[in-house]
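Geometric and topological summary
If you want the building blocks of each chain, they are given just below.
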Amino acid sequence: GAGAYEVLTRASSGLGLNKDGHARVKKLWRQRLLSSELPRLSEGYTSAPPAQKGVYLQALTYVLRGAPAEAVVLDLPRVLPLLVQALAGPETASKVAALALLLSFLAPTATTGASAAAPAPGPGEAGSAAAAGKLLEGHVSTLVPSLLAAAKFPGSLKVRCLSVECLAVLPSHVPFHKIYPLRAQVTRELGSRLADHKRCVRQRAAACRNIWYMLTS
């Protein structure tokens, strides 16, 4: 399952396969893992029934997050359409995995739920975020409504929080002429999130709404 990929890709934290556990660690192994597993996982996600798609997205999350940003940029055109599809699906696991992965592209150094400012991204991480924003230009008209719908998802607090966080970082990555036409819709629909029964959602929604309000023609 997806947990096997987590074990493989957490080597640097000492929790996965590493030299201390007598594993053989070769150079560029993360890039090799990405190049070999991404096609398999993408194909598996496409052909899997809805209830199993979340597992493939979770595995993709581990593989992509473990790979160098420079390598991930090359595969973004294949991955981003899958994330947009997953957001429209009914499965909570798929939504959470897709949102976490999307946020990792757009805000590589962000920590979900943290209030402290994140450190500035390195050149590779900034390149990944810029590439993701460029590719999202063609999906923004469907992505934003999907994120707004996810922000109201009653079945998962994590889905609501992550979707609002993604909405908050979109304006800094997508060209103004693509994002501005959606300003009125976003600020209007986020208004209902200010009454969410969870404080963390209300706080994120207020901050996000302010970011979109600040977009001026």
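What this report covers is the structure whose coordinates are included nearby. (Residues numbered from 1 in each chain as written. Predicted model: local features only at pLDDT ≥ 70, side-chain atom pairs only at ≥ 80, totals over all residues. Heavy atoms only, no water.)

What follows deals with the overall build of the chain. Of the regular secondary structure elements, the chain holds eleven helices and zero strands. When the helices and strands of the chain are read in sequence order from the N terminus, they spell out α-α-α-α-α-α-α-α-α-α-α. Looking at the 217 residues of the chain, the share that counts as buried comes to 45%. Excluding contacts between residues fewer than 6 apart, the proportion of contacts in the chain whose partners are at least 24 apart in sequence is 68%. Accessible surface, the chain as shown: approximately 11,000 Å² in total, 57% of it carbon and sulfur. (Helix = DSSP H or I, 4+ residues; strand = E, 2+ residues; numbered from the N terminus. Buried < 20%, exposed > 50% of the residue type's maximum accessible area, 1.4 Å probe, protein only. Contact = heavy atoms within 4.5 Å. Areas by Shrake-Rupley, 256 points an atom, 1.4 Å probe, with all protein chains shown as cover.)

The interhelical angle for the contact between helix α10 (residues 183-190) and helix α11 (residues 199-213), taken along N-to-C directions, is 155°, at an axis separation of 9 Å. By the angle between their axes, α10 is roughly antiparallel relative to α11. α10 and α11 meet at a crossing whose hand is left-handed. Residue-level contacts link R183, V186, T187 and L190 of α10 to A205, C208, R209, W212 and Y213 of α11. (Axes fitted to C-alpha atoms, helices over the stretch in contact; angles between N-to-C directions. Parallel < 35°, antiparallel > 145°, perpendicular 65-115°, else oblique. Left-handed = near helix turned anticlockwise from the far one by under 90°.)

Further remarks concern the nonpolar core. Counting 56 residues, the largest nonpolar core has L83, L102, F105, L147, L167 and L170 as the members making the most contacts within it. Of all the secondary-structure elements, those providing two or more residues to this core are α2 (29-47), α3 (50-66), α4 (69-88), α5 (92-106), α7 (140-150), α8 (157-169), α10 and α11. In this structure, L83 is in contact with L57, A98, L101, L102 and F105, ignoring residues within four places of it in sequence. (Core = buried A, V, L, I, M, F, W, Y, C linked by side-chain atoms within 4.5 Å.)

With that settled, the discussion passes to α11. For α11, built from 15 residues, the straight-helix expectation of 21 Å at 1.5 Å per residue is met to within 8% by its first-to-last C-alpha distance of 21 Å. Turning to α11, its buried residues number three or more, namely V201, R204, A205, C208 and W212. Buried positions in α11, seen along its axis, are confined to an arc of 100° and lie on one side of it. On its buried side, α11 packs onto α8, α9 (176-179) and α10. (Expected span 1.5 Å × (residues − 1). Arc of directions from axis to C-beta.)

Right, let's get into the side chain of K95. For K95, the position within the fold is in helix α5. At 2.8 Å, the side chain of K95 forms a polar contact with the backbone oxygen of L87. When sequence neighbours within four positions are dropped, the list of residues in contact with K95 reads A86, L87, G89, P90, F153 and V159. (Polar contact = N/O pair within 3.5 Å; in protein donor to acceptor, adjacent residues only side chain to side chain.)

Let's shift gears to the packing of aromatic side chains. For the structure shown, the criterion picks out one aromatic pair. Between F176 and Y180 the ring centres are 5.1 Å apart and the planes differ by 25°, which places this aromatic pair in the stacked class. By relative accessible area, Y180 is classed as partly exposed at 28%. For K95, the ring lying beneath its charged end belongs to F153, and the centroid distance is 5.3 Å. (Phe/Tyr/Trp six-rings, centres within 6.5 Å; stacked < 30°, edge-to-face > 60°. Lys NZ or Arg CZ within 6 Å of the ring centre and 35° of its normal.)

Attention now goes to the state of the cysteines. Cysteine pairs can be linked by a disulfide, which is a covalent bond between their two sulfur atoms. Taken as a whole and judged by the stated rule, the model has zero disulfides. No disulfide involves C161; its nearest neighbouring cysteine sulfur is the one of C200, lying 3.5 Å away. Overall, C161 belongs to the buried group, its relative accessible area being 7%. Judged by its relative accessible area of 24%, C200 falls in the partly exposed class. (Disulfide = S-S within 2.5 Å.)

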